[in-house]
Structure formats: structure tokens, C-alpha cells
Amino acid sequence: MAERNPLPFDPIERAARQWSQHHPETARMRAVTSLMRVHQLVLTDLDERLRPLGLTFARYEVLVLLSFSRHGSLSLGKIGERLQVHATSVTSLVQRLAAAGLIERRPHPHDGRAVLAALTEQGRQTMEQATRLITDSGFALTSLSEEECDQLSALLRRPRAAAGDF
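For clarity, every value in this text was computed on a predicted model and none was experimentally measured.

How each quantity is defined
- Residues numbered from 1 in each chain as written.
- Predicted model: local features only at pLDDT ≥ 70, side-chain atom pairs only at ≥ 80, totals over all residues.
- Heavy atoms only, no water.
- Helix = DSSP H or I, 4+ residues; strand = E, 2+ residues; numbered from the N terminus.
- Buried < 20%, exposed > 50% of the residue type's maximum accessible area, 1.4 Å probe, protein only.
- Contact = heavy atoms within 4.5 Å.
- Areas by Shrake-Rupley, 256 points an atom, 1.4 Å probe, with all protein chains shown as cover.
- Lys, Arg positive; Asp, Glu negative; His and termini not counted.
- Charge placed at Lys NZ, Arg CZ, Asp CG, Glu CD.
- Salt bridge = Lys/Arg side-chain N within 4 Å of Asp/Glu carboxyl O.
- Pairing = 2+ DSSP bridges.
- Axes fitted to C-alpha atoms, helices over the stretch in contact; angles between N-to-C directions.
- Expected span 1.5 Å × (residues − 1).
- Bend = angle between axes of the 7 residues up to and from the residue.
- Core = buried A, V, L, I, M, F, W, Y, C linked by side-chain atoms within 4.5 Å.

Asks: Before we move on, can you summarise the overall build of the protein with the specific residues and values?
Replies: Counting secondary structure elements, the protein contains 7 helices and 3 strands. Tracing the protein from N to C terminus, the helices and strands come up as α-α-α-β-α-α-β-β-α-α. For the protein, buried positions account for 27% of its 166 residues. Partitioning the contacts of the protein with sequence separation of at least 6, the portion at a separation of at least 24 is 49%. Summing over all exposed atoms, the protein offers an accessible surface of approximately 11,600 Å²; the carbon and sulfur share of this is 53%. Distance from the positive charge centre (21 side chains) to the negative charge centre (19 side chains) of the protein: 6 Å.

Asks: Please provide a residue-by-residue account of the side chain of T126, values included.
Replies: Position of T126 among the secondary structure elements: in helix α6 (residues 121-136). What makes T126 buried here is its relative accessible area of 9%.

Asks: Describe in detail the pattern of salt bridges, supporting the description with residues and values.
Replies: Evaluated as defined, the whole model comprises 7 salt bridges. D165 is the salt-bridge partner of R160, the closest N and O atoms lying 2.8 Å from each other. Judged by its relative accessible area of 39%, R160 is partly exposed.

Asks: Describe the sheet that holds strand β3 (residues 115-119), with residues and values.
Replies: Spatial strand order, β1-β3-β2: 3 strands in an open sheet with antiparallel pairing. The open sheet has two edge strands with one neighbour each: β1 (73-75) and β2 (103-107). For this sheet, the mean angle separating the axes of adjacent strands, direction not counted, is 30°. Bridge count between β1 and β3: 3 bridges; the pairing is antiparallel.

Asks: Could you give an account of the side chain of S73, with specific residues and numbers?
Replies: Within the fold, S73 resides in strand β1. The class of S73 is buried, set by a relative accessible area of 15%.

Asks: Kindly report on the pairing of β3, identifying the contributing residues and their values.
Replies: Moving residue by residue along a regular strand, the side chains alternate between the two faces of the sheet. Most of β3 sits inside the fold, with 4 of its 5 residues counted as buried. Here β2 runs beside β3; their pairing, made up of 5 bridges, is antiparallel. Within the sheet, the bridge partner assigned to I103 lies in β3 and is L119.

Asks: Could you give me a rundown of unusual backbone geometry, with the residues and numbers involved?
Replies: Backbone phi values are negative for most residues with the exception of glycine, while trans is the configuration of most peptide bonds. With a phi close to 55°, Q84 is a non-glycine residue in the positive phi region. Looking at the element boundaries, Q84 is found in the loop between α4 (76-83) and α5 (87-99). With a phi close to 65°, A140 is a non-glycine residue in the positive phi region.

Asks: Before we move on, could you go through helix α7 (residues 146-162) and cite the residues and values that matter?
Replies: For α7, built from 17 residues, the straight-helix expectation of 24 Å at 1.5 Å per residue is met to within 8% by its first-to-last C-alpha distance of 25 Å. At L156, α7 shows its largest bend, some 25°, and a proline, P159, comes one to four positions later. Residue G164 follows α7 closely and has a positive phi angle near 85°.

Asks: Residue-level account of the nonpolar core, with values.
Replies: One broad rule of soluble globular proteins: the nonpolar side chains tend to lie buried together. Core analysis: the largest hydrophobic core is formed by 25 residues, its most contacted members being L55, Y60, L63, L66, I79 and I103. Elements with a minimum of two residues in this core: α2 (26-50), α3 (57-68), α4, α5, β3 and α6. With 7 residues, the single largest contributor to this core is α3. Discounting chain neighbours no more than four positions away, the residues touching Y60 are L50, L55, M127, A130, T131 and I134.

So, in C-alpha cells, the structure goes:
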């Protein structure tokens, strides 16, 4: 992956020091800012790994979601609901995946207004290649042990539940 030029200071800690001089809730600000920064770093790494396959992580997620579905297809509405993305984003993802031959758009058999996205054989093969790339990279979290990953997931479960994620 592309080499990063690390900053000579921790930008989160610097921001937290500045924040604390003007606002309350420094610990939560630091946690959210750290979470968002790690999200961007991980997403950038995974997108770079997937680029040779013509994928982004968002497109990969659609392929994986379709592969997990009973019939290899889902309505665009269900895709948006499961991935928590806006309908416009789902439409764009599906259009790009269809243009690449990785999925097909089909009419919904029971709802004339809905469209299904269905995984093609090429899509399944590409998804399997992408999965190998991502798992071989440790999901860009090799700096954490498996136990720490489990702890992080457990820690983030409560805010997800509180936000109505499940």
C-alpha cells in the first residue's frame, strides 16, 4: 500500500488539547475523532487494495451482502437498509457494479416498483478475490490482536445499540 508520511505529532491529542480549552466533553470528542480518523485510514487502505479489481470497499460490501442472501439477490431498498446508505448511493453502487458485469439489475418478481440486484458468476469470483485481498491484509487492522479486535467490537456495540442499529 502507499507509504504514508506520518505527522510529527498526534493530531487527535493536539485537537483534544485545543478542544478542552473551549468546550466540555473532551474524552468523547477525542473518542469520536479517533474513531472517524481510523475509519478513514482503514477505508483508504482497503480501497487501495481493491482498486486493481475495479472495486471500492463500498462496492465490495454490496457484493458480499448479495453473496450472503438466500438467492444471491436483494432489492435496492434492502441493500440500502442493510448497509445504512442512502438510496442514491445504492443506485450509484449498483450502476457501477452492473456496468462492470458483477451484478445484474432485474425486475422484482412481486413488486413492480422494485428492482433486484443479483450477483453474477463474475461478481462472485471477483468478490472471492477481493475477500482474499482483504483477509490477507488483516482488514487493515494488523496492529491489533484478535483479542483486541473482539474488545473493540464489544466496546462499540453499546453505542450502536443506543443509536438504534439493532
